[in-house]
Amino acid sequence: MNSVKSIAMAMCITLPAFAHAGESVVKWQNFKDYRDVRASSQGKASYHKQIATQFEKHFSKLAEQLPKGYKLNLEITDIDLAGDVRYGGMDEIRVVKPIYFPRIKLNYSLVDNDGSVISEANDVELKDMGFMDKIKMGRDEPFFYEKRLITEWFGEQILANLD
């Protein structure tokens, strides 16, 4: 029993050190100005809140890979979700086809723990015209295609430039 308590105590002390290395801050523009963030089966306000929450969690998870004290500042300037909302009888449904590929436009800056800008760019356009041709692991996750697009950009542009 003492060994279990010792292990639990050691985990409580050491795990917080690994919990968050870097952080992300996301700034949103007016959702009405975004290209396509239409809800298919829920109210606009709750859908927009869901998008913001899901994307912020994803950026936060990615930022954990950054060195301690680094901060990724993002401004999302446009979103075009994968698929297109169409009328399906009495309800609207989001139809996902290859011609409706995901697009995200953003501005970003990566700042180190001293406040120095490591990298930054404006008008970055992320798009994946072949999004349906890739392996679809975790496809039932909300905003899967957009999150995969963000993850690929993060690895290629943010993590790759830290060296």
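Details of the structure are given in the entry above.
Report follows, based on the coordinates. Position numbers for residues count from 1 along each chain, tracking the sequence in the order it is written. Where local features are concerned, this predicted model is filtered to residues with pLDDT of at least 70; where side-chain atom pairs are given and counted, the filter is 80 or more; whole-chain, interface and lining totals use all residues. Side-chain metrics in this entry use all non-hydrogen atoms of the structure; hydrogen atoms and water are not considered.

We now examine the overall build of the chain. Along the chain, the regular secondary structure elements total three helices and six strands. By the criteria applied, helices consist of DSSP H or I runs no shorter than four residues and strands consist of E runs no shorter than two, each listed in order from the N terminus. Reading the chain from its N end, one meets helices and strands in the order α-β-α-β-β-β-β-β-α. Think of it in three bands: residues with accessible area under 20% of the maximum for their type are buried, residues over 50% are exposed, and the middle band is partly exposed, with areas taken using a 1.4 Å probe on protein chains only. Taken across its 163 residues, the chain has 36% of its residues classed as buried. In the chain, of all internal contacts separated by at least 6 residues, the share reaching a separation of at least 24 is 68%. As displayed, the chain offers around 10,200 Å² of accessible surface, 53% of which is attributable to carbon and sulfur atoms. For this analysis, residues touch if any pair of their heavy atoms sits within 4.5 Å. Per-residue and other accessible areas follow the Shrake-Rupley method at a 1.4 Å probe size, with only the shown protein chains counted as cover for residues.

Paired rings are identified among Phe, Tyr and Trp, the last through its six-membered ring, by centres lying within 6.5 Å, and are further divided according to the angle between planes into stacked (under 30 degrees), edge-to-face (over 60) and tilted (the rest). Taken as a whole and assessed by the stated rule, the structure comprises eight aromatic pairs. Ring centres of tyrosine 47 and phenylalanine 143 lie 5.9 Å apart, and the angle between their planes is 55 degrees; on these two criteria the pair is classed as tilted. On the criterion of sequence distance, the pair formed by tyrosine 47 in helix 2 (residues 44-63) and phenylalanine 143 in the loop between strand 6 (117-127) and helix 3 (144-158) is long-range, its members being 96 residues apart. Accessibility expressed as a relative area gives 10% for tyrosine 47, which makes it buried. Ring geometry for phenylalanine 131 against tyrosine 145: centres 4.7 Å apart, planes inclined by 85 degrees, an arrangement best described as edge-to-face. Residue phenylalanine 131 is found in the loop between strand 6 and helix 3, and its partner tyrosine 145 is found in helix 3; the two are separated by 14 residues along the sequence. Assessed through its relative accessible area of 0%, phenylalanine 131 is described here as buried. The exposure class of tyrosine 145 is buried, given its relative accessible area of 10%.

With that out of the way, let us pick up the pairing of strand 3 (residues 84-88). By definition, two strands form a pair when at least two bridges between them are found by DSSP. In terms of strand pairing, strand 3 meets strand 4 (residues 91-95) through five bridges, oriented antiparallel. If you follow tyrosine 87 over to strand 4, its bridge partner there is glutamate 92.

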